[in-house]
Amino acid sequence: VPEMASSEVTAALSDGTVTYDEYESAYRNFVACMNDGGFEVIEHDPDANGVINYSVSNDAVAAGVDEACYNMKLASLAFWVQVLIPVFTMEKIL
């Protein structure tokens, strides 16, 4: 867990597993962080495995808000869901 991870992310990872609800909650916290930083998150349809797709403005990236919010609110759980959970497990979670 990165040092910058929020307490919510640390708690979600503490039991060694990540549920889809925890992932979705982390994403909502990321969106709230971006909004608090003055930037919008544009949501797109999730992929076939339930991975959340979104985009942010170039201004959010240039200001560093995207990276800070992602690292603090979502990165560790997104990595777990996108890389560490096999597709068959993800389908069961959904």
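What this report covers is the structure whose coordinates are included nearby. Because the structure is a prediction, the values reported are computed rather than measured.

With respect to the nonpolar core
With 24 residues, the main nonpolar core has Tyr 23, Tyr 27, Phe 30, Met 34 and Leu 74 as its most contacted residues. Elements with a minimum of two residues in this core: α1 (7–13), α2 (20–36), α4 (65–73) and α5 (75–84). At 8 residues, the largest contribution of residues to this core is made by α2. Apart from residues no more than four positions distant in its own chain, Phe 30 is found in contact with Val 41, Tyr 54, Asp 66, Cys 69, Tyr 70, Lys 73 and Leu 74.

What about the side chain of Lys 73?
Structurally, Lys 73 is set in helix α4. Although Lys 73 is buried, it forms no salt bridge, and the closest oppositely charged side chain is Glu 8 at an N-O distance of 4.2 Å.

Points about the packing of aromatic side chains
Between two aromatic rings, the relevant description is the distance of the centres plus the angle of the planes. Inspection of every chain in the model, using the stated rule, returns 5 aromatic pairs. Relative to Tyr 23, the ring of Tyr 20 lies with its centre 5.5 Å away and its plane at 70°, an arrangement referred to as edge-to-face. Taken together, the residues span about one helical turn, with Tyr 20 and Tyr 23 both in helix α2 at a distance of 3 residues. Classification of Tyr 20 as buried rests on a relative accessible area of 12%. Take Tyr 23: its relative accessible area is 1%, and that puts it in the buried class. An aromatic cluster is defined as three or more aromatic residues linked by ring pairs; in this entry it consists of Tyr 27, Phe 30, Tyr 54 and Tyr 70.

Rules used in this analysis
Residues numbered from 1 in each chain as written. Predicted model: local features only at pLDDT ≥ 70, side-chain atom pairs only at ≥ 80, totals over all residues. Heavy atoms only, no water. Core = buried A, V, L, I, M, F, W, Y, C linked by side-chain atoms within 4.5 Å. Buried < 20%, exposed > 50% of the residue type's maximum accessible area, 1.4 Å probe, protein only. Helix = DSSP H or I, 4+ residues; strand = E, 2+ residues; numbered from the N terminus. Contact = heavy atoms within 4.5 Å. Lys, Arg positive; Asp, Glu negative; His and termini not counted. Salt bridge = Lys/Arg side-chain N within 4 Å of Asp/Glu carboxyl O. Phe/Tyr/Trp six-rings, centres within 6.5 Å; stacked < 30°, edge-to-face > 60°.

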